[in-house]
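# A structural walkthrough
Here is how the chains run, residue by residue.
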Amino acid sequence: MSNVELTDSQREAVECTEGPLLVVAGPGSGKTRVITHRIARLVDNGVKPWRILAITFTNKAANEMAERTNQMLESCHVWVTTFHKFCARILRQYGKGVGLEANFTIYDVRDQRDLIKRAMENLEFDSVAFKPAKIGHQISRAKNELIGPENFSARYESSIGDATQAVAAEVYPEYQRLLLEANAVDFDDLLLHVVTLMADNPELRSKLDHQYEYVLVDEYQDTNTAQYKIISGLSRECPNLCVTGDPDQSIYGWRGARIQNILRFEQDHPRTRVVRLEENFRSTPNILAVADRLIAHNVRRKAKTLIPTRSAGRDVEVRQFASAFGEADHLAGFIRDEVKSGRREFNDFAVFYRVNALSRLVELALLRAKIPYQMAAGVEFYQRKEIKDLLAFLRLVANPKDYAAFARIANTLLKAVGKISIQRLLDHADRQQIDLVEACRTAGPIPKINKPAAKSFREFSTCLANAGDASVNGVTATLRSLIDSTGFTDEWESDESEDSIQRLANVGELINAAAEYDRSEEQPTLDGFLEMACLVNEGDNLDETGSVKMMTLHAAKGLEFPVVAIIGLEEGLLPHERALGDFDNGNGLEEERRLLFVGITRAREELLLTNTLSRQVYGRNKRSIDSLFVRELGLQVQDFTGSGVPTWAALGFGGFDSPQSQSANTTGRQSVAKPGGFNLTTAAQMANGTTESVTLPQGFAVGSRVRHPQYGRGVVVGCGGYSKNRTVTVEFNQGQKETFVVSKAPLEPIGMG
DNA sequence: TCATCGCAAGTTTTT
DNA sequence: CTTGCGATGA
């Protein structure tokens, strides 16, 4: 390995391998390079790879780091993982200490909510008046702060306890009991249980501490109390702890992250070496100046410099539009022109926004301009009904105590089974002290249970029993077996409807995912597959080349693009209203500012910021106010409100950006319904009155026109499926409808409308 | 027991 | 506007 290409401070961070090290790394300062080089250096120095642990927050970051590490070290097994995966692995091995069996299930937010609801029902709380989701949030916050059920009341009674909190205090222990009974954990438990384990069991803590002799933590400014404890526990006797981070990029305070963790690292670890990476190799001086000007408004902050290394580029621009339609359309036009002129490729562009809802109009505009794009975190694949159903099958095979999985299946899939039968079965399991699958198997003689229901339960248990051992035959085999034996897809196989085709395609995708998992994993297990399914995010692989990338500002952290556009710089949106005015005094605003800082510093060469005069929120037209941040940036806002978008009107969609609507907005009047077909309110309606347009592959929006060599011209009336299995239904001349797999059919888009 | 309809509520960021 | 839930009828 050669370090010639490293700067002095980078080299210092790489070579200082022993003892605590804090790397304060500004944006674009080559932090990832430092980490990967450092890992390589450790291995060069003779450290066994399995004694090195590198922890990140997201799968995306972990994958990237693992990949880059593997490039430097051929096939060396350094464990690069996320906090949650790390904890899951520890708990699979040592979870007995906190009452977990090795095959425990991880509950996602949905399962969590359902279980909280059940806990509330058990305690006879009104789950309508008190939202389980809200209670869940309270519990989650407590867990992040390491507050167990027994401490919850005590911890919060001093604060002005609202009713929800009081309910949460009661529900928390019951919820926790149910989780344990189901041999399950929620996301927060993964961390909390590990902390408990290490606290209760000093020998285990010490063992892990020694096992992971060298620990690296990325984005340390985002650690919450639980994560902080875990890291502390892993670096007491072997304090070779290297953390990297940037207080200015702390954007997860809302989720319990404590910026203090990084600020007090030096006090926590005496003899800490501090290395600052302040040179920026990413952005032009113009962009850095803007970023610096913005972040300087944060009061609670250690001043830090961003030293440019590149030559000046284009000016940063702020453009203002009459409406969000104008904003989106302009963006699409801008990208199209840049690519057409040969100056850029689609790949060079990224669009960031504060909330996912803002993506829709941009998507539509890109679609219309035939610009390929990829979105991080669209509709979650693993959240689809049919996918969750199948996963529930797998979960019950893996963990027959998994109540949430059982409840899901029993409620929606088992024939002749209703609420009463389910309750009887649960009682039966409870009385006999057997798991749910065993209860199904022995459902026959349960008193008062329906004959058909009992039969249904028994057949179901047989399907599960015959599903095979995934660790021997692979997850795919188990999955296929379950699909076959339960007849899961039968009704769709014989059905040509749009819906059925889509569901089948999704099932196909899940089988692909399982096959992929079996292939990539040395020791595939059902637990492992399920873990991946719930801890992995769809946006984790934004790897499609040749497309514009769209994502939230949060998702943008750690990435970089030649051209970045950030939309919606408006009060209430960025800064977001819900992020302000909490108990914290101005911290919310500072975090929002950091969020924009993160966004700005993703840009390598060009940065375009936009906002509008009026934007639709909840279907209503609302006047926008320039974001405070726009003023702080000290840039001139360019008036693009007149640049217009007659195109929408020309397409027969109504003149949203017509002169009238502008004047109404600029005079500050509430806009009134205008004559002349102004009643098209949403983007979805524009694309033919359906919401499906959001998930469409580019070029085949619902409502768009296509040509097929045999069928001739037609209009897209529906879509479905994912990636390779993506389908569209096209209506041709005589009302004849055909469904095609996009990637295989010789379809050609020929415009909208 | 199941399906449909209609009503209601609620809209940040994510592992 | 969307989504999710509950009540009602078959």
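A short tour of the structure in this document, coming up. These numbers were taken from a predicted model, which means no experiment stands behind them. Every chain begins its residue count from 1, and numbering advances along the sequence as written. As a convention, the first chain written is A and the first ligand written is 1, with the rest following in written order. Two thresholds apply to this predicted model, a pLDDT of at least 70 for residue-level local features and 80 or more for giving and counting side-chain atom pairs, whereas whole-chain, interface and lining totals are computed over all residues. The basis for every side-chain value is the complete set of heavy atoms in the structure, and neither hydrogens nor water enter the calculation.

### Some points on the overall build of chain A
Helix and strand definitions here come from DSSP, where helices need a minimum of 4 consecutive H or I residues and strands a minimum of 2 consecutive E residues; each element is numbered from the N-terminal end. Tallying secondary structure elements over chain A gives 32 helices and 23 strands in all. Working definition: with a 1.4 Å probe on protein chains only, accessible area under 20% of the residue-type maximum means buried, over 50% means exposed, and in between means partly exposed. In chain A, which comprises 753 residues, the proportion classed as buried is 55%. For chain A, the accessible surface area stands at approximately 33,200 Å², while carbon and sulfur atoms represent 49% of it. Working definition of accessibility: Shrake-Rupley area with a 1.4 Å probe, residue cover restricted to the visible protein chains.

### Describing the pattern of salt bridges
Definition used for salt bridges: Asp or Glu carboxyl oxygen within 4 Å of a side-chain nitrogen of Lys or Arg. For the coordinates displayed, the defined rule picks out 46 salt bridges. A salt bridge links arginine 205 to aspartate 209; its shortest N-O distance comes to 2.8 Å. Taken as a pair, arginine 205 and aspartate 209 lie in helix 10 (residues 202-211) at a separation of four residues, close to a single helical turn. Exposure class is identical for arginine 205 and aspartate 209. Each is buried. Within this structure, Arg310, Arg314, Glu338, Arg343, Arg344, Glu605 and Glu606 form a network of salt bridges that share partners.

### Re the side chain of histidine 84
The residue histidine 84 is located in helix 4 (residues 83-94) in this model. When neighbours within four sequence positions are excluded, histidine 84 is seen to be in contact with Phe187, Leu190, Leu191, Gln227 and Leu535. Only heavy atoms matter for contacts: two residues are in contact if any of them lie within 4.5 Å across the pair.

### Remarks on the pairing of strand 2 (residues 52-56)
Sheet faces and side chains relate simply in a regular strand, where the side chains alternate between the two faces. Along strand 2, five of the five residues are buried, which leaves the element largely enclosed by surrounding structure. Going residue by residue along strand 2, you find Ile52, Ala54 and Thr56 tucked away on one face and Leu53 and Ile55 tucked away on the opposite face as well. A pair of strands is labelled paired if DSSP reports no fewer than 2 bridges between them. Two elements, strand 2 and strand 6 (residues 214-217), share four bridges in a ladder whose sense is parallel. Residue pairing in the sheet places leucine 53 in a bridge with valine 215 of strand 6.

### A closer look at the state of the cysteines
What counts as a disulfide here is a pair of cysteine sulfur atoms lying within 2.5 Å. As enumerated under the stated definition, the model contains zero disulfides in all. Cysteine cysteine 16 shares no disulfide, and the gap to the nearest cysteine sulfur, in cysteine 242, comes to 8.2 Å. Since its relative accessible area comes to 9%, cysteine 16 is described here as buried. With no disulfide partner, cysteine 534 has as its closest neighbouring cysteine sulfur the one in cysteine 87, 13 Å distant.

### Topic: helix 2 (residues 31-44)
Expected span of a helix: the number of residues minus one, times 1.5 Å. Compared with the 20 Å implied by 1.5 Å per residue over 14 residues, the 20 Å span of helix 2 between its first and last C-alpha is a close match. Of all 14 residues in helix 2, ten are buried; the element is thus mostly enclosed. All buried positions along helix 2 are accounted for by Lys31, Val34, Ile35, Thr36, His37, Arg38, Ile39, Ala40, Leu42 and Val43. Positive backbone phi, approximately 100°, marks glycine 46, located one or two places after helix 2.

### What about the pairing of strand 15 (residues 561-566)?
For strand 15, a buried count of six out of six residues is recorded, marking the element as mostly surrounded by other parts of the structure. Bridging between strand 12 (residues 349-353) and strand 15 involves four bridges; their strand directions are parallel. Pairing of alanine 350 across the sheet is with valine 564, part of strand 15. As paired elements, strand 15 and strand 16 (residues 603-617) share five bridges and run parallel to each other. Paired with phenylalanine 561 across the two strands is alanine 603, which belongs to strand 16.

### Examining the protein's contact with DNA strand B
Surveying the vicinity of DNA strand B reveals 24 residues, the closest of which are Arg354, Asn356, Val417, Asn537 and Tyr618. Here a residue counts as near a molecule or strand whenever at least one of its heavy atoms sits within 4 Å of it. The share of sugar and phosphate among atoms of DNA strand B within 4 Å of the protein is 49%. Within the backbone of valine 417, a nitrogen or oxygen atom sits 3.0 Å from a phosphate oxygen of DNA strand B. The definition of a polar contact used here is a pair of N or O atoms within 3.5 Å, where within protein one atom must be able to donate a hydrogen and the other to accept one, and adjacent residues in sequence count solely through side-chain atom pairs. Serine 421 is positioned such that a nitrogen or oxygen atom in its side chain is 3.1 Å from a phosphate oxygen of DNA strand B. Any residue outside Ala, Val, Leu, Ile, Met, Phe, Trp, Tyr, Cys, Pro, Asp, Glu, Lys and Arg is labelled polar, Gly included; the first ten of those are nonpolar and the last four are charged. A class-by-class count of the residues in the surface near DNA strand B yields ten nonpolar, nine polar and five charged.

### Quick notes on the packing of aromatic side chains
What counts as a ring pair is set by centres within 6.5 Å for rings of Phe, Tyr and Trp (its six-membered ring), and what kind of pair is set by the plane angle: stacked under 30 degrees, edge-to-face over 60, tilted for all other angles. Tallied over the full model, the rule gives 15 aromatic pairs. Ring geometry for tryptophan 79 versus tyrosine 212: centroids 6.2 Å apart, planes at 40°, classification tilted. Separated by 133 residues along the polypeptide, tryptophan 79 in strand 3 (residues 79-82) and tyrosine 212 in the loop between helix 10 and strand 6 bring together distant segments of the chain. Judged by its relative accessible area of 6%, tyrosine 212 falls in the buried class. Here the aromatic rings of tyrosine 252 and tryptophan 254 are separated by 5.7 Å at their centres, their planes lie at 45°, and the arrangement is tilted. Judged by its relative accessible area of 16%, tyrosine 252 is buried. Exposure remark for tryptophan 254: the relative accessible area of 51% places this residue in the exposed category. Among the aromatic residues, ring-to-ring pairing joins Phe393, Phe460, Phe488 and Trp492 into one connected group.

### Quick word on the nonpolar core
What tends to happen in soluble globular proteins is that the nonpolar side chains get buried as a cluster. In terms of nonpolar packing, the biggest core is built from 73 residues, with Leu391, Phe406, Phe457 and Leu510 touching the most fellow members. By nonpolar core we mean a set of buried residues, namely Ala, Val, Leu, Ile, Met, Phe, Trp, Tyr and Cys, connected to one another through side-chain atoms within 4.5 Å. Core analysis: the next-biggest nonpolar cluster, separate from the first, contains 40 residues, Met198, Tyr212, Ala226 and Phe265 among them.

Such coordinate-based values are descriptive only and should not be taken to indicate function.
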